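Fold and geometry: a report
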Amino acid sequence: MSQIEPEIPAGHRQNFVTLQQAFANDDAVLVRCTDRATGQLVTAICVGSIEPGNGGVLPFAVLLSGDPHQQLELPEQLAPIWEE
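Now for a description of the structure that goes with this document. These numbers were taken from a predicted model, which means no experiment stands behind them.

1. A word on the sheet that holds strand β1 (residues 28–34)
Spatial strand order, β1-β2-β3: three strands in an open sheet with antiparallel pairing. Unpaired on one side and paired on the other, β1 and β3 (57–62) mark the two borders of the sheet. Neighbouring strand axes in the sheet, compared pairwise and without regard to direction, differ in orientation by 45° on average. For strand β2 (residues 41–48) and β3, the ladder comprises five bridges, and the chain directions are antiparallel. Within β3, the residue paired with V47 across the bridge is L58. Sheet strands in contact with helix α1 (residues 10–24) are β1, β2 and β3, and its direction is about 75° off that of β2.

2. Describing α1
In a regular helix each residue adds 1.5 Å, so 15 residues correspond to 21 Å; α1 covers 21 Å between its end C-alpha atoms and thus fits that length. Those residues of α1 that sit buried are T18, L19 and A22. What you see down the axis of α1 is that its buried residues fit within an arc of 100°, all on one side. Of the residues in α1, the exposed ones pointing more than 90 degrees away from the buried face are F16 and A24. Buried residues belonging to α1 abut β1, β2 and β3.

Conventions adopted
Residues numbered from 1 in each chain as written. Predicted model: local features only at pLDDT ≥ 70, side-chain atom pairs only at ≥ 80, totals over all residues. Heavy atoms only, no water. Pairing = 2+ DSSP bridges. Helix = DSSP H or I, 4+ residues; strand = E, 2+ residues; numbered from the N terminus. Axes fitted to C-alpha atoms, helices over the stretch in contact; angles between N-to-C directions. Contact = heavy atoms within 4.5 Å. Expected span 1.5 Å × (residues − 1). Buried < 20%, exposed > 50% of the residue type's maximum accessible area, 1.4 Å probe, protein only. Arc of directions from axis to C-beta.

Fair warning: the whole summary comes from geometry, so function is off the table for now.
In structure tokens, the structure reads:
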């Protein structure tokens, strides 16, 4: 298991708050996008409206395509008890 990084970057914390507000206001949408670096289709969590003429959307996060339990290693302090 990895160690917890001392602090989550401020920009990530602010994006999380923005996403929380978007979900509370029903302003969060899922959009299929093309990753500019790889050309692959990805699913992004976006804030805004998908209705034409309503200002568009701003991507905030990309969902993992694989099994997150195999892709990511949680910090030791946060590991689920079933992994012990």
